[in-house]
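A closer look at the structure
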Amino acid sequence: LVFTEEDKYGLYSNLLFKYFLAEGIVCGHELFVASAKEHPDNILKELPAPLLDDAHGKELGDEAAALKSEDFQDSMKIAWRYQNLPKMEASPTTYTKFGHYYDISKKMSPELCQSVKWHSFYLHEELPFEPKMKTWNMNSGYARLLQSIQRIISQEGFDGSDPQKKQRNVLRIGIQSLGSVLWGDDVCCSDAPEDPHSLTKFLYVLRGLLRKSLSACIITVPAHLIQNKAIMERVTNLSDSVVGLESFIGSERETNPLYKDYHGKFHL
Amino acid sequence: QGQFTLLRDTRTDGSFLVHHFLSFYLRAGCKVCFVALLQSFSHYNIVAQKLGVSLAAAKERGQLVFLEGLKSCLDLLFGEEEQPGQPSPLQFLSTRDLRALFEFVRVSLTPTEQEAWRGPVLLLDDLSVLLSLGAAPVAVLDFIHYCRVSVCCQLKGNIVVLVHSNEDSEDEENELVVNSLCHHSDLILWAEGLATGFCKDVHGQMKIIKRLSLQQAAEQDLVQIYQYKIQDRNVTFFARGLSAAVL
């Protein structure tokens, strides 16, 4: 569970969020995108395009060509034993590299986006909460989101519940701007929020869901708006990694010559 | 016997102490009730195996009662309707009442006729999570008090509890719980990250406080300070400033 504290204007955290999702698409993982601010369809249209090297592109081309020439099966005379082996091997190079590079100025092509299965959760389009969730004692937006995630995990078999499923895949969950007012939580508005435990309870249940399934999650939170520092301390203890983004835009550091080559600080 | 040990960490992760006590008590043949709120069973199992103990085997022979908080929470929220006679130990998520959790501990550690384990032990990782999940600090302290009466006094067992704390913490509820527990503990093991920051050879500093003042009126607490380095299967302790990298 990677918890990201947003920078003041949300520019860089948004970028990190999109990198996470784009990497998921390029690796063939399934995606789950949740937001109360931007519709997930729009988020997915804005993902950066991956920089695939020529070698990879060429291999894709080679595979396509080989498929076409399958009709021309020349029988092998001397090495007849090898006749029955598959014509081509799966390209290994994509898996030996760790991570990919992206070009922010270009958008990811729609075909690539559609190549993976993805699920979205846009708070304002979701149905109101069900009565059973009243016992959860949690903000209804968070509760609906947890239910949705749990449903996808169990339906798509990420928790290993479906032994029939041959290929196991990873689910990448991205949740944008959690804790902001748009989710119905006032933790960003006041020092003594109405329900100070909703956010931490949400994280605990999410942690349980992640531990029980093949998934990874990134959450961005407008931490600079949360005034109750106690909540931030608890949230830190419940996450696996916490990343804080502090951008220099609008602060006096922007013009400070020490920092002129940088756009901000990255706290880990 | 009848000891309450508090594990405390500041600026670092003190869970290595939890893993140590878990395998220590299991190897000693004690019956252990482990309330594991923060990590999954397989996480503790993998580490315990490195330390030479199999949690799965201990669970099977009835020596270990393991409450996997994360899993129970999911069962409670997403599972079927619970039976009226068996409330979930994590019921406090909706009712804010820690009694069900205490009942779970009490029932797990009360010896049955067939068992012959040496002394019950309650291990809790970690108490600060209870506050995050909505329990009031006074309820948490009451819960610990009930556990002490039941496990330490009545059953003559031991309790080991991990809490987190931070300097200049703004989490007043957590500080209240931690300070109160410090006053009532027989032994405090306080793991602190170095004030100077991360170091490859010295992972932190351990303060061992033996609360002799609780036993006799005029006695002062014995405080020992060591630095430590965590390795794959054990932890090495050394006097401050004398790590192997320096000598």
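Only a predicted model underlies this, so the values are computations on that prediction, with no experimental measurement involved.

Each value, and the rule that gives it
Residues numbered from 1 in each chain as written. Chains lettered and ligands numbered in written order. Predicted model: local features only at pLDDT ≥ 70, side-chain atom pairs only at ≥ 80, totals over all residues. Heavy atoms only, no water. Helix = DSSP H or I, 4+ residues; strand = E, 2+ residues; numbered from the N terminus. Buried < 20%, exposed > 50% of the residue type's maximum accessible area, 1.4 Å probe, protein only. Contact = heavy atoms within 4.5 Å. Areas by Shrake-Rupley, 256 points an atom, 1.4 Å probe, with all protein chains shown as cover. Rg over C-alpha atoms; globule rule 2.2 N^0.38 Å. Lys, Arg positive; Asp, Glu negative; His and termini not counted. Charge placed at Lys NZ, Arg CZ, Asp CG, Glu CD. pLDDT = per-residue confidence, 0-100. Expected span 1.5 Å × (residues − 1). Bend = angle between axes of the 7 residues up to and from the residue. Buried area = accessible area lost by both parts, 1.4 Å probe. Salt bridge = Lys/Arg side-chain N within 4 Å of Asp/Glu carboxyl O. Polar contact = N/O pair within 3.5 Å; in protein donor to acceptor, adjacent residues only side chain to side chain. Nonpolar A, V, L, I, M, F, W, Y, C, P; charged D, E, K, R; others polar. Core = buried A, V, L, I, M, F, W, Y, C linked by side-chain atoms within 4.5 Å. Pairing = 2+ DSSP bridges.

Focus on the overall build of chain A
- For chain A, the count of helices and strands is eight helices and nine strands.
- When burial is assessed residue by residue, chain A has 43% of its 268 residues classed as buried.
- Intrachain contacts of chain A at a sequence separation of at least 6 include 76% that bridge at least 24 residues.
- Put simply, chain A shows about 15200 Å² of open surface, and 55% of that area lies on carbon and sulfur atoms.

What to know about the overall build of chain B
- When you go through chain B residue by residue, the secondary structure sums to nine helices and nine strands.
- At 18 Å, chain B has a C-alpha radius of gyration in line with the 18 Å of a compact globule built from 247 residues.
- Oriented by its inertia axes, the alpha-carbon framework of chain B measures out at about 60 × 40 × 40 Å.
- Here chain B holds 247 residues, and the buried ones make up 51% of them.
- Long-range pairs, those at least 24 residues apart, make up 67% of the contacts in chain B between residues at least 6 apart in sequence.
- Accessible surface computed for chain B: about 12100 Å², of which carbon and sulfur atoms make up 52%.
- Charge centroids of chain B, computed over 21 positive and 28 negative side chains, lie 9 Å from each other.

Considerations on the confidence of the model for chain A
- In the predicted model, chain A carries a mean pLDDT of 67, and the fraction of residues at 70 or more is 58%.
- Here residues 54-97 of chain A is modelled with pLDDT under 50, and outside its nearest four sequence neighbours on either side it reaches 12 contacts, counting other chains as well.

Points about helix α8 (residues 137-154) of chain B
Residues and elements named next belong to chain B.
- When the terminal C-alpha atoms of α8 are compared, their 25 Å separation across 18 residues agrees well with the 26 Å that a helix rising 1.5 Å per residue should span.
- Of all bends in α8, the biggest is about 25 degrees, found at Arg148.
- Among the residues making up α8, those that are buried are Pro137, Val140, Phe143, Ile144, Cys147, Ser150, Val151 and Cys152.

Quick word on the interface of chain A and chain B
- Counting from both sides, the interface comprises 23 residues of chain A and, opposite them, 26 residues of chain B.
- Where chain A abuts chain B, roughly 2400 Å² becomes buried across the two surfaces, and 57% of that area is made up of carbon and sulfur atoms.
- Remark: the boundary between chain A and chain B carries two salt bridges.
- Measuring nitrogen to oxygen at the nearest pair gives 2.9 Å for the salt bridge that ties Arg234 of chain A to Glu173 of chain B.
- The interface formed by chain A and chain B includes nine residue pairs in polar contact (both at pLDDT 80 or more).
- Put simply, the parts of the chain that give the side of chain A that touches chain B at least two residues each are α6 (140-155), α7 (198-211) and α8 (229-238) of chain A.
- Looking at the side of chain A that touches chain B, the element that brings in the most residues is α7 of chain A, giving eight residues.
- Across the side of chain A that touches chain B, the residue classes break down as seven nonpolar, eight polar and eight charged.

Focus on unusual backbone geometry
Residue and element names in this part refer to chain B.
- Each neighbour pair has its own omega, and for Asp125 with Asp126 the value is -15 degrees, a cis peptide bond.
- The topology assignment puts Asp126 in the loop between β4 (120-125) and α7 (127-132).
- Phi is positive for Arg11, close to 60 degrees, though the residue is something other than glycine.
- Although it is not a glycine, Lys156 sits at a positive phi angle of roughly 55 degrees.
- Summarising the element assignment, Lys156 is placed in the loop between α8 and β5 (158-164).
- For Lys156, a relative accessible area of 46% gives the class partly exposed.

Concerning the environment of Leu131 of chain B
- If you trace the backbone, Leu131 of chain B turns up in helix α7.
- Linking Leu131 of chain B and Val177 of chain B, residues 46 residues apart in sequence, is a C-alpha distance of 9.4 Å.
- Those residues within four positions of Leu131 of chain B in sequence are excluded, and the remaining contacts are His197 and Arg234 of chain A together with Ala136, Pro137, Val140, Glu173, Asn174 and Val177 of chain B.

Considerations on the nonpolar core
- By size, the foremost hydrophobic cluster in this structure holds 83 residues, and its most contacted members are Ile175, Phe202, Leu206 and Ile219 of chain A together with Leu127 of chain B.
- Of the residues forming this core, the biggest block, eight residues, is contributed by α7 of chain A.
- Excluding residues that lie within four positions of it along the chain, Ile175 of chain A makes contacts with Phe17, Ala34, Leu145, Ile149, Trp183, Phe202, Leu206, Cys217, Ile218, Ile219 and Thr220 of chain A.
- Of all hydrophobic cores here, the second largest spans 30 residues; its members include Phe16, Phe41, Ala191 and Ile208 of chain B.

Topic: the side chain of Ser198 of chain A
All names here are of chain A.
- Considering the arrangement of structural elements, one finds Ser198 in helix α7.
- The buried category is assigned to Ser198, whose relative accessible area is 1%.
- With near-sequence residues (within four places) excluded, Ser198 lies in contact with Met138, Asn139, Tyr142 and Asp185.

Focus: the pairing of strand β6 (residues 171-176) of chain A
Residues and elements named next belong to chain A.
- Among the six residues that make up β6, six are buried, leaving the element largely enclosed by the rest of the structure.
- A two-sided burial pattern is seen for β6, the buried positions comprising Leu171, Ile173 and Ile175 on one face and Arg172, Gly174 and Gln176 on the other.
- Bridge analysis of strand β2 (residues 30-35) against β6 gives six bridges, and the strand direction is parallel. Following the sheet pairing, Phe32 is matched in β6 by Ile173.

Some details on the pairing of β4 of chain B
Residue and element names in this part refer to chain B.
- By the criterion of burial, β4 is predominantly enclosed, with six of the six residues buried.
- Residues of β4 alternate between two faces, with Pro120, Leu122 and Leu124 on one and Val121, Leu123 and Asp125 on the opposite face, all of them buried.
- In this sheet, β4 lies alongside strand β2 (residues 31-36) in parallel orientation, the contact comprising six bridges. Residue pairing for β4: Phe34 is matched across the bridge by Leu123.
- Relative to β5, β4 is paired through four bridges, and the arrangement is parallel. Bridge assignment links Leu123 to a residue of β5, and that residue is Val160.

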